[in-house]
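The lines below spell out each chain.
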Amino acid sequence: MFPKTGTIVPKFRNGTGANYATAIATALRSELGTSARATKTVMLWTGASGRAAKYWLSAGRGPDGWHLIQLAKNSDAVLHCLLKMADRDEIKLSVELGAAKAALMRAIAVIDSLKPPVGESD
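Residue positions are counted from 1 within each chain, in the order its sequence is given. Note on the predicted model: pLDDT of at least 70 is required for a residue's local features to be given, and 80 or more for side-chain atom pairs to be given and counted; whole-chain, interface and lining totals, by contrast, use all residues. Note that the side-chain values use all heavy atoms of the structure and ignore hydrogens as well as water.

## Section: helix H2 (residues 36-46)
In plain terms, the rule: Relative accessibility decides the category of a residue: with a 1.4 Å probe and only protein chains considered, values under 20% of the type maximum give buried, values over 50% give exposed, and everything between is partly exposed. Labels follow the DSSP assignment, with helices taken as runs of H or I lasting at least four residues and strands as runs of E lasting at least two, numbered in each case from the N terminus. The arc in question is formed by the directions pointing from the helix axis toward the C-beta atoms.
Along H2, the residues classified as buried are Ala38, Thr39, Thr41, Val42, Trp45 and Thr46. For H2, the angular spread of the buried residues around the axis is 160°, confining them to a single face. Away from the buried face of H2 by more than 90 degrees, exposed residues Ala36, Arg37 and Leu44 are located. Following H2 by one or two positions, Gly47 has its phi on the positive side, about 80°.

Next comes the structure, spelled out in C-alpha cells:
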C-alpha cells in the first residue's frame, strides 16, 4: 500500500472562516472576474501558487497574513472588504478620496500632454 501524497489543507472549524473566505472571494471576483487571467493576476500580486489563488477565488480558503496584505495593497475591492469586516468603513472614504485625487492628477497630465506649447500657433 502506498502512502497518500500531497498537502493536507485543513478545513475551517465550525464555519469560522467561511464568511471571511466568501467575502474575499467576492471582492476578488468583482474586480478580476473568474477567468484564468484572474488567477494569474492574484498569483502575480501575492507570489502565491496557482492552487492557492484558485482557492481564494472560489472561496474554498481565505488568504492569510502576507498574502492578504498584498491583495489589499493591489486590490481596492479587497481593501474595502477588509475594512468593512474590521468595522472600519470610515477609512474607506479616505481611500476613495486618495484614488480620486490620483485619477484627477493622471487626467491633468494627459490634458497637459495634448495641449500645444505656449507660443505655437496653427
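Moving on from the coordinates now.
## Regarding the packing of aromatic side chains
Here is the rule: Here the aromatic set is Phe, Tyr and Trp, taking the six-membered ring for Trp, and pairing holds for ring centres within 6.5 Å; pairs whose planes are under 30 degrees apart are stacked, those over 60 apart are edge-to-face, and all others are tilted. Criterion for a charge above a ring: Lys NZ or Arg CZ within 6 Å of the ring centre, and within 35 degrees of the ring normal.
Under the counting rule described, the total for this entry stands at 0 aromatic pairs. Against the face of Tyr55 rests Arg61, its NZ or CZ located 5.4 Å from the ring centre.

## So, helix H5 (residues 76-85)
Listed in full, the buried residues belonging to H5 are Ala77, Val78, His80, Cys81 and Leu83. Directly beyond the C-terminal end of H5, a positive phi value near 55° is found at Asp87.

## Topic: the packing of helix H4 (residues 65-74) against H5
In plain terms, the rule: Each axis is a line fitted through C-alpha atoms, and for a helix only the stretch in contact is used; angles between axes span 0 to 180 degrees, taken between their N-to-C directions. Less than a right angle of anticlockwise turn of the near helix away from the far helix marks a crossing as left-handed, whereas a clockwise turn marks it as right-handed. Throughout, a contact is declared for two residues whenever any of their heavy atoms are within 4.5 Å.
Closest axis-to-axis distance for the H4/H5 pair is 5 Å, and the angle between their directions is 120°. Between H4 and H5 lies a crossing of left-handed hand. Counted together, Leu68, Leu71, Ala72 and Asn74 of H4 and Asp76, Val78, Leu79 and Leu82 of H5 form the full contact between these two elements.

Function cannot be inferred from these measures alone, as they are strictly geometric.
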